[in-house]
Amino acid sequence: MQRAKEKGRDNFQIYAQDMHIRALERLTLEQELRYAIERNQLELYYQPQVSVGEGRMVGVEALMRWHHPRHGRVSPMVFIPLAEESGLIEMIGDWALRTACQQAKRWQEQQLPALTMAVNMSARQFLRPTMVDEVARILQEIGLASADLELEITESLMMVDVENGISAMHALKAIGVGLSIDDFGTGYSSLNYLKRFPIDRLKIDKSFLIGIETNQDDLAITLAMIAMAHSMGLSVVAEGVENAAQLAFLRAHRCDEFQGYYFSTPVPAREIPALLEKRLEPVDSAPADLPG
Ligand code: C2E
Ligand code: MG
Ligand code: MG
C-alpha cells in the first residue's frame with residue numbers, strides 16, 4: 001500500500017517477497033537512523049549559492065549526509081523520506097538546524113565574508129506548533145542573527161496544511177528569518193496560494209535547468225518562472241547548474257543566484273573558506289535562446 005501511495009494515486013502494487021525484504025531493509029535502516037546522531041554518522045555538507053551577476057558565493061545550503069558503517073554514504077533521497085515516515089525527521093531536522101546555525105556562527109567568528117545559511121525543512125518539522133519558538137531559541141542560544149538564516153520548504157509541504165503553513169511563515173517572517181520555496185515547479189503549485197506566501201525566494205528545480213539546453217518547454221517554463229518571481233518581488237535561485245551555457249542563459253535572463261556542480265558540489269564545512277575566494281569568469285556570449 002505504501003509503495004502504491006508513493007507512486008501517486010490511482011495505481012496498485014503487487015505484494016511480493018521482494019517487497020517483504022525491502023520492508024525489512026527499511027525497518028533496519030530506520031532503526032539505525034535512530035542512533036545515527038549519537039554515533040556521529042550524520043554530517044552536514046554545504047553547497048555554495050552563487051550570485052549569477054558576480055560569480056561569487058553569497059550563501060550556502062546545508063545538505064545532510066549519512067555515513068553508514070555498512071552501506072557507505074546513504075543518500076538523503078533515501079533516508080529523508082524514511083525519517084519523515086517514521087517521525088525521526090523531527091530529531092534529525094532539529095540536529096541539522098542547530099548544527100548549520102553553529103557552523104554559520106563559527107564562520108562569522110572566523111571573519112569570513114557574510115554568507116546566508118539555508119536549511120531544508122520537512123512538513124512534519126515545519127508544521128509543529130512549537131517550530132517558530134524553537135527556531136527563535138536556537139538562534140538566540142547560538143547568537144546568530146535571524147537574517148542570516150533561511151528556511152527552505154517545498155510547495156508539497158505547504159499543501160499538507162496551507163493555513164497553518166501560512167501562519168508559520170508569517171511568524172518566521174516576524175522574527176526575521178528568510179523563507180524560500182524549494183524545488184519550485186515540481187509540486188502541485190497553486191499560484192493562488194503562492195501569492196499568499198510571505199516568501200523571499202523561489203528555487204527553480206534542477207529538472208528544468210537540465211532541460212533548458214534541449215527542451216523548448218523547460219526553457220519556456222524557466223523563463224516564465226524567473227519573470228513571475230521578479231514581478232512578485234521575489235529573488236530567484238536556479239538549482240542544478242552544471243555548465244557554462246546554463247549559467248550564460250541565467251545571466252541573460254537576470255536570474256539572481258544559482259547552485260550547482262558548475263561552481264561546486266556540496267562539500268564539508270572545512271572546504272568552504274577556499275571556495276569563498278573562487279570567482280567565475282563572466283561569460284560574454286550569452287545564448288538567450290538555447291535550443292535551436
Ligand atoms: P534539495 O534541497 O533540492 O537539494 C538540492 C539537491 O541537488 C542536493 O541533493 C544537491 O546535492 C543536488 N545538486 C546540487 N547541485 C547539483 C547539480 O548541479 N546537478 C545535480 N544533478 N544535482 C545537484 P542531495 O544533497 O542528495 O539532497 C537531496 C534532497 O534531500 C534535498 O533536495 C532535500 O530535499 C533533502 N535534504 C537534504 N538535507 C536535508 C535536511 O537537512 N532536511 C530535510 N528536511 N531535507 C534534506
Ligand atoms: Mg533545498
Ligand atoms: Mg531543490
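Above this text is the structure in question.
Residues numbered from 1 in each chain as written. Chains lettered and ligands numbered in written order. Predicted model: local features only at pLDDT ≥ 70, side-chain atom pairs only at ≥ 80, totals over all residues. Heavy atoms only, no water.

## Digging into the overall build of the protein chain
Just so we agree on the cut-off: Secondary structure elements are defined from DSSP: runs of H or I of at least 4 residues count as helices, runs of E of at least 2 residues count as strands, and each element is numbered from the N terminus. Summary of the burial criterion: residues with accessible area below 20% of their type's maximum are buried, those above 50% are exposed, and those between are partly exposed, where the area comes from a 1.4 Å probe applied to protein chains only. The criterion used for residue contact is that any of the two residues' heavy atoms lie within 4.5 Å. Method for areas: the Shrake-Rupley scheme with a 1.4 Å probe, in which residue coverage is limited to the protein chains shown.
A tally of helices and strands in the protein chain yields 13 helices and 10 strands. In the protein chain, which comprises 292 residues, the proportion classed as buried is 47%. Sequence-distant contacts, at least 24 apart, represent 68% of the contacts inside the protein chain between residues at least 6 apart. Only carbon and sulfur atoms are counted for the fraction: they give 52% of the accessible area of the protein chain, which is about 14,600 Å².

## Side note on the coordination of the magnesium ion (ligand 2)
Definition in use: For Na, K and Ca the donor cut-off is 3.2 Å, while for other metals it is 2.8 Å, and in both cases only N, O and S atoms qualify; water is not among them, so sites may look incomplete.
Those donors, Glu61 (OE), Asn120 (OD1), Glu152 (OE) and Asp182 (OD), are the protein atoms that reach the magnesium ion (ligand 2), and they lie 2.0 to 2.2 Å from it. Sequence positions of the residues that donate to the magnesium ion (ligand 2) give the spacing E-x58-N-x31-E-x29-D. A separation of 4.2 Å is found between the magnesium ion (ligand 2) and the magnesium ion (ligand 3), both of which receive a donor from Asp182. On the criterion of sequence distance, the pair formed by Glu61 in strand S2 (residues 57–68) and Asn120 in strand S4 (residues 116–120) is long-range, its members being 59 residues apart. A relative accessible area of 30% means that Asn120 is categorised as partly exposed.

## Observations regarding the site of ligand 1
The condition is simple: By convention in this text, a residue qualifies as near a molecule or strand provided that one of its non-hydrogen atoms is within 4 Å of it. N or O atoms closer than or at 3.5 Å make up a polar contact, with two conditions inside protein: a donor-capable atom paired with an acceptor-capable one, and, for residues adjacent in sequence, both atoms drawn from side chains.
Near ligand 1 you find 23 residues, and of these Arg65, Ser122, Asp182, Glu242 and Tyr261 are the closest. Contact between ligand 1 and Met64: a nitrogen atom at 3.0 Å from a main-chain N or O atom of the residue. Interatomic distance of 3.0 Å between a side-chain N/O atom of Asp183 and an oxygen atom of ligand 1. Of all elements in the fold, only S2, helix H3 (76–86) and strand S6 (178–184) reach the threshold of two or more residues within the shell around ligand 1. Looking at which element gives the most residues to the shell around ligand 1, the answer is S2, with four residues.

## Here we look at the packing of aromatic side chains
The test is simple: Between 30 and 60 degrees the pair is tilted, below 30 it is stacked and above 60 it is edge-to-face, where a pair is any two Phe, Tyr or Trp rings, Trp via its six-membered ring, whose centres lie within 6.5 Å. Only when the NZ of Lys or the CZ of Arg is both within 6 Å of the ring centre and within 35 degrees of the ring normal is a charge said to sit over the ring.
Inspection of every chain in the model, using the stated rule, returns two aromatic pairs. Taken together, a centroid distance of 5.7 Å and an interplanar angle of 80° make the contact between Trp66 and Phe79 edge-to-face. Linking Trp66 in strand S2 with Phe79 in helix H3, this pair joins segments that are 13 residues apart in sequence. Side by side, Trp66 and Phe79 carry an identical accessibility label, which is buried. Sitting above the plane of the Phe263 ring, Lys278 keeps its charged end 4.8 Å from the centroid.

## Notes on the coordination of the magnesium ion (ligand 3)
Every protein donor of the magnesium ion (ligand 3) is listed here as Asp182 (OD), Asp183 (OD), Glu239 (OE) and Glu239 (OE), and their distances to the metal cover 1.9 to 2.4 Å. All donor residues of the magnesium ion (ligand 3) come from one chain, and their arrangement in sequence is D-D-x55-E.

## Observations concerning helix H4 (residues 89–109)
One turn of the α-helix equals 3.6 residues, which is why residues spaced by three or four share an orientation. For the record, the criterion: Helix span is expected to be 1.5 Å times the residue number reduced by one.
Along its 21 residues, H4 runs 30 Å from first to last C-alpha, staying within 8% of the 30 Å computed at 1.5 Å per residue. Considered for burial, the residues of H4 that qualify are Ile89, Ile92, Gly93, Trp95, Ala96, Leu97, Ala100, Cys101, Gln103, Ala104 and Trp107. Remark: Gln111 follows H4 within two positions and exhibits a positive phi of approximately 60°.

## Considerations on the environment of Tyr262
Counting through the fold element by element, Tyr262 comes out in the loop between strand S9 (257–258) and strand S10 (267–268). The class for Tyr262 is partly exposed, based on a relative accessible area of 28%. Beyond its immediate chain neighbours, meaning those up to four positions away, Tyr262 contacts Val241, Glu242, Asn243, Ala244, Leu247, Lys278 and Leu280.

## Re the pattern of salt bridges
Keep this limit in mind: Salt bridge, as used here, is a side-chain nitrogen of Lys or Arg placed within 4 Å of a carboxyl oxygen of Asp or Glu.
Counted under the stated rule, the structure contains 17 salt bridges. In this structure, Glu85 engages Arg26 in a salt bridge whose closest nitrogen and oxygen atoms are separated by 2.6 Å. With Glu85 in helix H3 and Arg26 in helix H2 (residues 17–34), this pair connects stretches of sequence that are 59 residues apart. Judged by relative accessible area, Arg26 falls into the partly exposed class, the value being 31%. For Arg201, the salt bridge identified is with Glu257, shortest N-O distance 2.6 Å. Of the two residues, Arg201 is situated in strand S7 (residues 201–204) and Glu257 in strand S9; the sequence distance between them amounts to 56 residues.

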